[in-house]
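One letter stands for each residue in the lines below.
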Amino acid sequence: MYSFEQLSYFYKDKKILITGHTGFKGSWLCRVLTKMGAKVSGFALEPPTNPSIFNTLNIENSINSYIGDVRDLKALKAVFEKECPEIVIHMAAQPLVRESYSNPVGTYETNVMGTVNVLECCRNTKSVRSVVNVTTDKVYKNNEWERGYVETDYLDGYDPYSNSKSCSELVTHSYIQSFFNPETCKENLVDDLGPARISTCRAGNVIGGGDFATDRIIPDCFRAAANMEDIIVRNPYSTRPYEHVLEPLFAYLMVAKEQFEDRKYMGNYNVGPDDDSNVNTGNLTDMFCEKWNKLSLSDCEGNPRPLLKWINKHDGGPHEAGFLKLNCDKLKKTFDWHPVWDINTTMDKLVEWYSVYLNKGDIEACTDRQIEEFINSGR
């Protein structure tokens, strides 16, 4: 069932609203959808980093971009009324674990009430047919199991970020039962096919070119490489389900499409890599260093850059899970889905992206080429 050609055909001329479109994942998604010919609008705060992939790729020039806060229901509602989206992909969030410890109130306000506001707009906008709420692999109560978490496992994220995303899942479930049930919610009918369909997607650790966030290992690697410094790794032994940013984005589009056409595909879905791409942070950093050092880049004066390396330096930061893995059998069995790029290819692509960026190359062409390569690899 999973076909890139079908996705492209489906999304041509569809009206899509993305919350969080100015972020790392949102910018890549905007680029993918505009290449498919979709009519894209976005609602989000200003880009969260400087530099940002949103500005680097000139995303604002190809979509209807609205700057606003998902905590502002009035502003969000005005965009829904103006754009009349058919599909909504909700990605606006406070996404950083460490930031959630320093600002728990803001994290809960954004990740919980932001979700409430988005779903409230969806239920009051008759054009909306399909909604995907993007959460995280960290929604589960982490028992440090070696087995992958499945969609029916207990939700109870530890830190304020993870827990707020667990709450976002519960909010979504409540709204589905209360306002999007075709048997009891006749007032929310889009047409004779019933009310809008909603799913949540719980993605693994997403990496790729263009992420400039703080407290993330790949941006930390790039900043160290650009500044010709050692990479500081806080916890090299933590294992995560790393995947290229295009993996979950195409999965979100697949789920949105299939439930748009048949509500039986509504559900909760894990989106993560195969087991061989679950690696610890130290190994991931080793891969970055090895691939970066093969580039033989020069500094601004033409001198060879020193070899990149990392050092283990735990900074006494807040609690983080040691082991986390997802079981994605539900997504695979339901849609005949499978990951396209393994961790080695993923690292090749992100190192290529950052090297083009650092050397002031054609980063838009590089991004578009990687999207095409991903699609061709998945055929």
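Quick caveat: nothing in here was measured; it's all calculated off a predicted structure.

S.K.: Could you give an account of helix α10 (residues 281-293), naming the residues involved and the relevant values?
M.R.: Taking 1.5 Å of rise per residue, 13 residues should cover 18 Å, and α10 covers 18 Å from first to last C-alpha, within 8% of that figure. Looking only at α10, the buried set comprises Thr281, Gly282, Leu284, Thr285, Met287, Phe288, Cys289, Lys291 and Trp292.

S.K.: Quick rundown of the sheet that holds strand β3 (residues 64-67)? Include the residues and the values.
M.R.: If you trace the seven strands from one edge of the open sheet to the other, you get β3-β2-β1-β4-β5-β6-β10, paired in parallel fashion. Every other strand in the sheet has two partners, leaving β3 and β10 (268-271) as the edge strands with one partner each. Recorded for the sheet is a direction-independent mean angle of 15° between the axes of neighbouring strands. Two elements, strand β6 (residues 197-203) and β10, share four bridges in a ladder whose sense is parallel. Along β10, the bridge assignment pairs Thr200 with Asn268. Most of the contacts of helix α7 (residues 160-179) go to β6, to which it runs at about 165°, and overall it touches β5 (130-134), β6 and β10.

S.K.: Outline the sheet that holds strand β7 (residues 205-207), supporting the account with residue identities and numerical values.
M.R.: Taken together, three strands build an open sheet; the order of strands is β7-β9-β11 and the sheet is mixed. Pairing within the sheet leaves two strands with one partner each, and these edge strands are β7 and β11 (278-280). Strand after strand, the sheet turns through a mean of 50° between neighbouring axes, direction not considered. Sheet analysis places strand β9 (residues 239-244) next to β11, joined by three bridges and oriented antiparallel. Following the sheet pairing, Arg240 is matched in β11 by Val279.

S.K.: Break down the packing of aromatic side chains for me, with residues and values.
M.R.: Enumeration according to the criterion identifies 21 aromatic pairs in this entry. An angle of 80° between the planes, with centres 5.2 Å apart, marks the rings of Phe10 and Phe260 as edge-to-face. Residue Phe10 is located in helix α1 (residues 4-11), and its partner Phe260 is located in helix α9 (residues 246-261); the two are separated by 250 residues in the primary sequence. Each ring, one from Phe288 and one from Trp292, has its centre 5.6 Å from the other, and the planes form 10°; the classification is stacked. Here Phe288 pairs with Trp292, and both are found in helix α10, just four residues apart, close to one helical turn.

S.K.: Account for the state of the cysteines, naming residues and giving values.
M.R.: Evaluated as defined, the whole model comprises zero disulfides. Sulfur of Cys121: no disulfide; nearest cysteine sulfur belongs to Cys122 and is 7.1 Å away. Its relative accessible area of 3% is what places Cys121 among the buried residues. This cysteine, Cys328, is not joined by any disulfide, and Cys201 carries the nearest cysteine sulfur, 10 Å off.

S.K.: Could you give me a rundown of the pattern of salt bridges, with the residues and numbers involved?
M.R.: Under the defined criterion, the tally for this structure stands at 21 salt bridges. In this structure, Lys35 engages Glu372 in a salt bridge whose closest nitrogen and oxygen atoms are separated by 3.6 Å. With Lys35 in helix α2 (residues 24-36) and Glu372 in helix α13 (residues 363-378), the pair connects residues that are 337 residues apart, well separated along the chain. For Lys35, a relative accessible area of 38% puts it in the partly exposed group. According to the relative accessible area criterion, Glu372 is partly exposed, its value standing at 35%. Salt bridges sharing common partners tie together Arg31, Glu364 and Asp368.

S.K.: Tell me about the pairing of β5, and please be specific about residues and values.
M.R.: Of all the five residues making up β5, five are buried; the element is thus mostly covered by neighbouring parts of the structure. Alternating residues of β5 divide into Ser130, Val132 and Val134 and Val131 and Asn133, and every residue in both groups is buried. Alignment of strand β4 (residues 87-90) against β5, held across four bridges, turns out to be parallel. Bridge assignment links Ile87 to a residue of β5, and that residue is Ser130.

S.K.: Go over the side chain of Ser199, please, and point to the residues and values.
M.R.: Tracing the sequence through the fold places Ser199 in strand β6. Not counting chain neighbours up to four residues away, the residues in contact with Ser199 comprise Val131, Val132, Asn133, Val255, Gln259, Tyr265, Met266, Gly267 and Tyr269.

S.K.: Run through unusual backbone geometry, naming residues and quoting values.
M.R.: In this structure, Pro51 follows Asn50 across a cis peptide bond, with omega equal to 10°. Within the secondary structure, Pro51 is located in the loop between β2 (39-44) and α3 (53-56). Despite not being glycine, Asp13 has its phi angle at roughly 70°, a positive value. With respect to the element layout, Asp13 can be found in the loop between α1 and β1 (15-19). In this model, Lys360 sits at a positive phi of 55°, which is unusual for a non-glycine residue. One can find Lys360 in the loop between α12 (343-358) and α13. For Lys360, a relative accessible area of 75% translates into the label exposed.

What counts and how
Residues numbered from 1 in each chain as written. Predicted model: local features only at pLDDT ≥ 70, side-chain atom pairs only at ≥ 80, totals over all residues. Heavy atoms only, no water. Helix = DSSP H or I, 4+ residues; strand = E, 2+ residues; numbered from the N terminus. Expected span 1.5 Å × (residues − 1). Buried < 20%, exposed > 50% of the residue type's maximum accessible area, 1.4 Å probe, protein only. Pairing = 2+ DSSP bridges. Axes fitted to C-alpha atoms, helices over the stretch in contact; angles between N-to-C directions. Contact = heavy atoms within 4.5 Å. Phe/Tyr/Trp six-rings, centres within 6.5 Å; stacked < 30°, edge-to-face > 60°. Disulfide = S-S within 2.5 Å. Salt bridge = Lys/Arg side-chain N within 4 Å of Asp/Glu carboxyl O.

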